[in-house]
Amino acid sequence: MNLALKDIRYNLGRFVLTAVGIGLLLMVVMGMGGIYRGLLREATLLVESIGADLWIVQGGSRGPFAEISRIPSSVEDRVRTVPGLTGVRRFLSHTIQREHGGRQLRMVVQGLSWPEDRGQWIPLVAGRPLSQAHYEIVVDRSLGLELGARVRLGKDDYRVVGITSGMVGTGGDGIAFFTVGDAQAIQFDVPAEATRIERLLRRGRVEEHELGRLTPRLLDRAVGEAAGIPALAPPPVSAVIASVAPGADPAQVAAEIARWPDVTVYTREQQIELLVSGMVDKAKRQLGLFRVVLVIISTIIMALIIYTLTLDKIHDIAMLKLMGAKNGAIIGLILQQSLLIGGIGYLLAWWLGNYAFPRFPRLVVIEPGDMLVLAGVVVLNSVLASLLGITKAMSVEPSKVLS
Amino acid sequence: MKNPADTLAVEALSLTKIYGSGNTEVVGMKEVSLSLGKGEIVALLGPSGSGKSTFLTALGLINPPTSGQIRLGGQTVMDGPKELVDVRAYRRQHLGFVFQKANLIPFLNAWENVAVAMELNGVPSSLAKERAMELLEYLGVSDRAANHPNELSGGQQQRVAVARALANRPSLILADEPTAALDSYRGRQVMELFQKVAREQGAAVVVVTHDHRSLDVFDKTYEMEDGKLSEGIIGSHHTSSPR
Ligand SMILES: Nc1ncnc2c1ncn2[C@@H]1O[C@H](COP(=O)(O)OP(=O)(O)OP(=O)(O)O)[C@@H](O)[C@H]1O
Ligand SMILES: [Mg+2]
């Protein structure tokens, strides 16, 4: 007969409660690992699915995922002249937080280089890619917008035409895909009054300038649209992305562009590496630290529980010794209970995790490899936790039965 | 004449036990000697604190004497506090204990409490269960075999404990006031059972008891006083001259 199981069956409530507690702790440990994997996947999903081989960003910067990167949209035209490249596009990305339907809507505004890029590469769960140059968006499911919903951003309404999933920025906010023109309009939208004041100030500056006095027509120009003023550059973009044509050597093409002093170029791998080593790395260390602490806590809690369970049985253990039970039988009793609590906790964590993790606000990815490692940790945990109880049980004298 | 090693079940040679040390020193027993043949059943009487339990647990290899020797089946197993054999294995294979309290394992039911003693000794579980049920039957508690100790009366628990002590057919049974929790009928029955086990299995039995009505089942009566053992006469409980 198995003494460990007999005891567990007799004290079922207590064991179940303990296993549930340990299970919840293990679920958090598991979740921490899953959150890290999720961060990694989220961070790289956009870069991987956008299908660009080269990222041309503001000179000296680490690109739009790491910091603010601004390059003139004219760089796109220059990149087009480089042989061996196809699919040269502008890339625009910035985060906004607006009110929509009475709640805060935080999203990454992502510009697609219309008309070459209509978002055909975005994995859609509903709807369609963009089909016109303005006022349409494809949004990530996490933004909670329905197909056909209208969102007011700046001075315009945008209609949701497609829904994607898993597309989030490095901050975990859902991405909304606009055309680059719309994205710029949202980014550089200013209230009418601000435009009016800016035009007046511009006129004032021109009036004071000798040039303005000599050519009065400049004054008319100065109060016109910004786009109509030759001296003002069109609004910048975050980056220009391009694919390398089949047969061309990405490294060679990259080296060519790298010679331009005003921009910096990254390959896709470098871009991913930057993402991972930047913000994700810190999160990894942070989460790793928490996992270690939690594992230690769960070991201590288990050790204490196993210890008290053993203390409760100490008279029975003395009796077993008096009857001549071998140490192995007594160690087995305690160790098996510890392993059982750990094992049930682990299964519970797995089961609860399956249920709970998909409901987490950010992606949690549980990989089989991680589960295996955790199983190993739990076994080690249980063995360590039982040591205290075993030590106590070994030290009890059979004559304790008589007292 | 037979070899004494064949007929002697247990021999205590000048056992002394001193508890504590310095000015808290207490003499538990003093130069106690006793030989018990196979199939012999003896009673141990004496006032409280006289050292009966000390002596019994020393014989049971759970309370090592300060000096003196214990021989079991012709083999010296204790030399002073020094263990000369694996005492745990010895207890498992050759000794049976019954105490005033039943000391059953609370998470095992009645038959499991009996069977566990056999399983610890390597008896296959089906066989152990079978014999456990037989013993419980014999002791009149087979109808409670599936109940846990907390569902049994004190007397029922004690009978399960007796069954457990007999489970491995021990060569030496040590009982410390085993019938204190039983009514006189059941108490007598247990004493007769010990006698029967002694006769039929050749086990040596030492019973500490205060129950003078059952003294007729014993071959000899010993009395302890202030840690000293002396042989008494059946039917009387006052000290006779030391051997
Ligand atoms: N563990 C111990 N530590 C110190 N002294 C002890 C210990 N066990 C017993 N003694 C002392 O040894 C003496 C003999 O005790 P023992 O338990 O053998 O008596 P007993 O004859 O069994 O008494 P009772 O009939 O009350 O059970 C007593 O004076 C007791 O106080
Ligand atoms: Mg006593």
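All of these numbers come straight from a predicted model, not from anything done at the bench.

Visitor: Just to check I follow, could you spell out the sheet that holds strand β11 (residues 228-232) of chain B for this structure?
Guide: Residues and elements named next belong to chain B. Taken in spatial order, the six strands make up an open sheet running β7-β8-β9-β3-β10-β11, and their pairing is mixed. Looking along the sheet, the strands with just one partner apiece sit at the ends: β7 (95-98) and β11. Adjacent strand axes in the sheet meet at a mean angle of 20 degrees when their direction is disregarded. Sheet analysis places strand β10 (residues 220-225) next to β11, joined by five bridges and oriented antiparallel. Considered in β11, the bridge of Thr221 is made with Gly232.

Visitor: How should helix α7 (residues 184-201) of chain B be read in this particular structure?
Guide: Since the α-helix advances by 3.6 residues per turn, residues separated by three or four positions end up pointing in the same direction. Residues and elements named next belong to chain B. Helix length check: α7 (18 residues) gives 25 Å between terminal C-alpha atoms against 26 Å at 1.5 Å per residue, within 8%. Here α7 has its buried residues at Gly187, Val190, Met191, Leu193, Phe194, Val197 and Ala198. All buried residues of α7 fall inside an arc of 150 degrees around its axis, so they share one side. In α7, the exposed positions that point more than 90 degrees away from the buried face belong to Tyr185 and Glu200. Where the residues of α7 are buried, they touch β3 (41-45), β7, α5 (125-138), α6 (154-166), β8 (172-176) and β9 (204-208). Where α7 starts, the residue carrying a side-chain oxygen 3.0 Å from the main-chain nitrogen of Tyr185 turns out to be Asp183.

Visitor: Explanation requested: unusual backbone geometry in the structure shown.
Guide: Most peptide bonds take the trans configuration, and most residues that are not glycine carry a negative phi. For the bond running from Trp114 of chain A to Pro115 of chain A, omega is 5 degrees, close enough to zero to count as cis. Backbone geometry places Glu31 of chain B, a non-glycine residue, at a positive phi of 45 degrees. Given a relative accessible area of 51%, Glu31 of chain B falls into the exposed group.

Visitor: Can you help me understand the domain arrangement of chain A in this one?
Guide: Quite often, the size of an interface is put as the accessible area lost when its parts meet. The domains assigned to chain A are domain 1 (3-43 + 279-402), domain 2 (72-181 + 235-261) and domain 3 (189-234). Once you take the C-alpha centre of each, domain 1 of chain A and domain 3 of chain A turn out to be 72 Å apart.

Visitor: Could you clarify how one ought to interpret the packing of helix α9 (residues 268-312) of chain A against helix α10 (residues 314-322) of chain A in this entry?
Guide: Residues and elements named next belong to chain A. Between α9 and α10, whose axes approach to 4 Å, the crossing angle comes to 60 degrees. In terms of their interaxial angle, α9 and α10 are classed as oblique. On the side of α9, the interface is formed by Thr310, Leu311 and Asp312, while α10 contributes Ile314, Asp316 and Ile317. For the contact of α9 with α10, a count of residues per class yields three nonpolar, one polar and two charged.

Visitor: Teacher, can you tell me more about the environment of Leu147 of chain A here?
Guide: All names here are of chain A. Within the fold, Leu147 resides in the loop between β5 (136-140) and β6 (150-153). With 21 residues separating them in the primary sequence, Leu147 and Ala126 have C-alpha atoms 7.7 Å apart. Excluding its chain neighbours within four sequence positions, the residues that come into contact with Leu147 are Ala126, Gly127, Val160, Val161, Gly162 and Ile163.

Visitor: What am I meant to see in the pairing of strand β10 (residues 263-267) of chain A here?
Guide: Sheet faces and side chains relate simply in a regular strand, where the side chains alternate between the two faces. Residue and element names in this part refer to chain A. When you tally the buried positions in β10, you get four out of five residues, the bulk of the element. Here five bridges tie strand β1 (residues 54-58) to β10, and the two strands are oriented antiparallel to one another. When the sheet's bridge partners are listed, Val57 is paired in β10 with Thr264.

Visitor: So what exactly am I meant to see when it comes to the side chain of Arg159 of chain B here?
Guide: Considering the arrangement of structural elements, one finds Arg159 of chain B in helix α6. Filtering out sequence-adjacent residues up to four positions away, Arg159 of chain B remains in contact with Leu139, Gly140, Val141 and Arg186 of chain B.

Visitor: It is not clear to me how the interface of chain A and chain B should be interpreted in this structure. Could you clarify?
Guide: Across the contact, 24 residues belong to chain A and 23 residues belong to chain B. Here chain A meets chain B over a buried area of about 2300 Å², counting both sides, of which 66% is carbon and sulfur. It is Met1, Tyr10 and Met323 of chain A in chain A that bury the most area against chain B; as a group they hold 31% of the surface buried on that side. A salt bridge links Lys6 of chain A to Glu112 of chain B; its shortest N-O distance comes to 2.4 Å. At the surface where chain A touches chain B, the tally comes to nine residue pairs in polar contact (both at pLDDT 80 or more). Where the side of chain A that touches chain B is concerned, the elements lending two or more residues are α1 (3-10), α10 and α11 (327-356) of chain A. The greatest single-element share of the side of chain A that touches chain B, amounting to six residues, is contributed by α10 of chain A. In terms of residue class, the side of chain A that touches chain B is made up of 13 nonpolar, five polar and six charged.

Cut-offs and rules
Residues numbered from 1 in each chain as written. Chains lettered and ligands numbered in written order. Predicted model: local features only at pLDDT ≥ 70, side-chain atom pairs only at ≥ 80, totals over all residues. Heavy atoms only, no water. Pairing = 2+ DSSP bridges. Helix = DSSP H or I, 4+ residues; strand = E, 2+ residues; numbered from the N terminus. Axes fitted to C-alpha atoms, helices over the stretch in contact; angles between N-to-C directions. Expected span 1.5 Å × (residues − 1). Buried < 20%, exposed > 50% of the residue type's maximum accessible area, 1.4 Å probe, protein only. Arc of directions from axis to C-beta. Contact = heavy atoms within 4.5 Å. Polar contact = N/O pair within 3.5 Å; in protein donor to acceptor, adjacent residues only side chain to side chain. Domains from an automatic or database assignment. Parallel < 35°, antiparallel > 145°, perpendicular 65-115°, else oblique. Nonpolar A, V, L, I, M, F, W, Y, C, P; charged D, E, K, R; others polar. Buried area = accessible area lost by both parts, 1.4 Å probe. Salt bridge = Lys/Arg side-chain N within 4 Å of Asp/Glu carboxyl O.

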